[in-house]
Amino acid sequence: MKRVVVGLSGGVDSSVTAYLLQQQGYEVIGLFMKNWHDDSVTISDECPWLEDSNDAMIVADKLAIPFQTVDLSEEYKERIVDYMFNEYEQGRTPNPDVLCNREIKFDVFMKIALGLGAEYVATGHYCRKGVIEKDGKEIYQLLAGIDGNKDQSYFLCQLSQEQLSKTLFPIGELTKPEVRAIAAEADLITADKKDSQGLCFIGKVRLPEFLQQKLKPKEGVIVEVPESMDAYNEVVPQFETKEQELSFYSKKPEYHISDGKIVGKHQGAHYFTKGQRKGLHVGGTVAPLFVIDTDVEENVIYTGQGKNHPGLYRRTLFVKQHELHWVREDMVLAIGESLSVNARIRYRQPLQKATIYKVEGGAFVDFEEPQSAITEGQFVAWYIKDELVGSGVIS
Ligand SMILES: Nc1ncnc2c1ncn2[C@@H]1O[C@H](COP(=O)(O)OP(=O)(O)OP(=O)(O)O)[C@@H](O)[C@H]1O
């Protein structure tokens, strides 16, 4: 009998994952990880992890499978939380969910699972794993979940062939209502439990409050940039090469206080991210203000009115070589090559037509339509049909 460790989170998706694998004849072990208990930064007074680990235990009990809890809070703090603060401090917006999968669930956690003699680790992610053969070698594919509403492949965009080879995603073939129905039929207590949302560790916390615990407030000004000023703010030159063109359109605009008028104050540019609307507390504008850029060195937030403000839009982005990742190692582009893909720059964004151009030092992702709020530190993931083939950090 093949042994598989299921990451039991105390939610309905992982409960059904464990149940389905058991039905398929696997020897299933449930493993709950605790990834947070730092006194210096509080996440929530409500302590959701205790409740969740209890639910996970009840599910394991019901299925009569062995259950263990591991404490990964040390690793979590080192690899995710510290990184998050550091990124925000530098004016970038990290994605802890993507990182948590790469660094914790499919690394530290996976190693523990394999140490328990398991052949696979399974999670309740809405995505699928495919296997194809190429030149006599097995290649693993990361495929979108069948439920388009729930597809979580984006969060797994940094997984490697090695990690995928040891992974199972049993619920990727199902829709959420189907998963709930299976849970109800199997009489699992998590059948009607509300979905957890967002940040994998934070659960119920609000991000601004979380950040304020480590990043000191620092008063600065909010500048409103007029609509007449677009992101490039200069005459478009004649391009001699494609690379020159891409480089021009991927360039981050540089705003100055004199480009607009001061309309308010903020408590720290490092708390804000591009495209953000909440938390500006500036009234009296016709359309709401959106952050179009932050300058953490000068501590200035640049904003524009309305979500069509040209300052929000860019056509091209760049990924540095060392932040470029191919799930499909067999598809890596050589310098000068390009690839037509569909890409997204945030979870749940509908896929956008784009072309990847490999150049020295990294790759450009050039969108057919200009994209709103391309944000440094976030991940861009690219797909061919329903397969996620690669990803990278937006620089
Ligand atoms: N604390 C945890 N311990 C073990 N595994 C976890 C934990 N948190 C998440 N996972 C695994 O990662 C998967 C995806 O996590 P996510 O936070 O997106 O939960 P979800 O989609 O709400 O799923 P669930 O309903 O199972 O909580 C879970 O289905 C589970 O397999």
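Parameters and conventions
Residues numbered from 1 in each chain as written. Predicted model: local features only at pLDDT ≥ 70, side-chain atom pairs only at ≥ 80, totals over all residues. Heavy atoms only, no water. UniProt positions renumbered as here; feature names shortened; annotations may be inferred. Pairing = 2+ DSSP bridges. Helix = DSSP H or I, 4+ residues; strand = E, 2+ residues; numbered from the N terminus. Buried < 20%, exposed > 50% of the residue type's maximum accessible area, 1.4 Å probe, protein only. Polar contact = N/O pair within 3.5 Å; in protein donor to acceptor, adjacent residues only side chain to side chain. Contact = heavy atoms within 4.5 Å. Axes fitted to C-alpha atoms, helices over the stretch in contact; angles between N-to-C directions. Near = heavy atom within 4 Å. Areas by Shrake-Rupley, 256 points an atom, 1.4 Å probe, with all protein chains shown as cover. Nonpolar A, V, L, I, M, F, W, Y, C, P; charged D, E, K, R; others polar. Disulfide = S-S within 2.5 Å. Phe/Tyr/Trp six-rings, centres within 6.5 Å; stacked < 30°, edge-to-face > 60°. Lys NZ or Arg CZ within 6 Å of the ring centre and 35° of its normal.

Going by an unreviewed UniProt entry, the protein chain carries the name tRNA-specific 2-thiouridylase MnmA and comes from Neptunitalea chrysea. One UniProt comment on the protein chain, placed under Subcellular location (unreviewed entry), says "Cytoplasm". The annotation that UniProt attaches to the protein chain under Sequence similarities (unreviewed entry) is "Belongs to the MnmA/TRMU family."

K.L.:
What is the right way to look at the pairing of strand 14 (residues 338-344) in this model?
P.N.:
On any regular strand, side chains alternate: one points to one face of the sheet, the next to the other face. Of the strand pairs in this sheet, strand 14 and strand 15 (residues 352-359) are connected by six bridges, and their pairing is antiparallel. By the bridge assignment, Leu339 is partnered in strand 15 with Ile356.

K.L.:
Would you mind showing me how to read the UniProt feature "site: Interaction with tRNA" (unreviewed entry) in the protein chain here?
P.N.:
The UniProt feature table records "site: Interaction with tRNA" (unreviewed entry) at His125 and Gln378. By the element assignment, His125 lies in the loop between strand 4 (120-122) and strand 5 (127-134). Given a relative accessible area of 7%, His125 falls into the buried group. A polar contact of 2.7 Å, which involves the side chain of His125, links it to the side chain of Thr123. Within the secondary structure layout, Gln378 lies in the loop between strand 16 (362-372) and strand 17 (379-384). Leave out the neighbours within four places in its chain, and Gln378 touches Thr93, Pro94, Asn95, Ile345, Gly392, Val393 and Ile394. A distance of 3.2 Å separates the side chain of Gln378 from the backbone oxygen of Pro94, its partner in a polar contact.

K.L.:
Teacher, can you tell me more about the sheet that holds strand 8 (residues 220-224) here?
P.N.:
Two strands in a sheet stick together by hydrogen bonds in their backbones, pointing the same way (parallel) or opposite ways (antiparallel). In space, the four strands of this open sheet follow the order 9-8-11-10, with mixed pairing throughout. Both outer strands of the open sheet, strand 9 (261-266) and strand 10 (289-295), are each paired with one neighbouring strand and no more. Averaged over neighbouring strand pairs, the angle between their axes works out to 30° when direction is ignored. As paired elements, strand 8 and strand 11 (residues 300-305) share four bridges and run parallel to each other. Its bridge partner being in strand 11, Val223 is matched across the sheet by Tyr302.

K.L.:
Would you mind going over the UniProt feature "binding site: ATP" (unreviewed entry) in the protein chain with me for this structure?
P.N.:
Taking the UniProt record as the reference, the feature "binding site: ATP" (unreviewed entry) is found at Gly7, Leu8, Ser9, Gly10, Gly11, Val12, Asp13, Ser14, Met33 and Gly124. On the secondary structure map, Leu8 appears in the loop between strand 1 (3-7) and helix 1 (12-23). Contacts of Leu8, omitting those with residues within four sequence positions, involve Ser14, Ser15, Ala18, Gly30, Leu31, Phe32, Ala56, Ala60 and Phe67. Looking at the secondary structure, you find Ser14 in helix 1. Judged by relative accessible area, which is 4%, Ser14 ranks as buried. Residues in contact with Ser14, not counting those within four places in the same chain, are Val6, Gly7, Leu8, Ser9 and Gly124.

K.L.:
When you look at the environment of Met57 in this model, what are you seeing that I'm missing?
P.N.:
Here Met57 shows up in helix 2 (residues 48-63). Owing to a relative accessible area of 43%, Met57 belongs among the partly exposed residues under this scheme. Each C-alpha atom of the pair Met57 and Phe32 lies 8.5 Å from the other, and the pair is 25 residues apart in sequence.

K.L.:
What should I look at first to understand the environment of Tyr26 in this one?
P.N.:
Along the chain, the position of Tyr26 falls in the loop between helix 1 and strand 2 (27-34). Distance in space between the C-alpha atoms of Tyr26 and Gln305 is 56 Å, their sequence separation being 279 residues. Once you skip the residues sitting within four places of it in the chain, Tyr26 turns out to touch Met1, Lys2, Val4, Leu21, Tyr120 and Leu168.

K.L.:
How should the site of the ligand be read in this particular structure?
P.N.:
Around the ligand lies a shell of 16 residues, among which Gly7, Ser9, Asp13, Ser14 and Met33 are the nearest. In this structure, an oxygen atom belonging to the ligand sits 2.7 Å away from a main-chain N or O atom of Ser14. A distance of 3.3 Å separates an oxygen atom of the ligand from a polar side-chain atom of Gln152. Relative to its unbound accessible surface of 580 Å², the ligand loses 88% to contact with the protein. Going through the elements one at a time, helix 1 and strand 2 are the ones with two or more residues in the shell around the ligand. Of the residues that constitute the shell around the ligand, the class distribution is five nonpolar, nine polar and two charged.

K.L.:
I keep staring at the state of the cysteines and nothing clicks. Help me out?
P.N.:
Two cysteines, two sulfur atoms, one covalent bond between them: this is a disulfide. This model, assessed by the stated rule, comprises zero disulfides. Cys127 provides the cysteine sulfur closest to Cys157, a residue in no disulfide bond, and the two sulfurs are 11 Å apart.

K.L.:
Honestly, the packing of aromatic side chains in this entry has me stumped. Any pointers?
P.N.:
Given two aromatic rings, their pairing is described by the distance between the two centres and the angle made by the two planes. As enumerated under the stated definition, the model contains nine aromatic pairs in all. Both rings, one in Tyr154 and one in Phe155, keep their centres 6.1 Å apart while their planes meet at 65°; by these two values the pair is edge-to-face. Pairing Phe248 with Tyr249 gives two aromatic rings, centres 5.1 Å apart and planes at 85°, and the pair type is edge-to-face. Here a set of aromatic residues connected by ring pairs shows up, and it is made of Tyr154, Phe155 and Tyr347. Cation over ring: Arg315 sits above Tyr249, and NZ or CZ is 4.3 Å from the ring centre.

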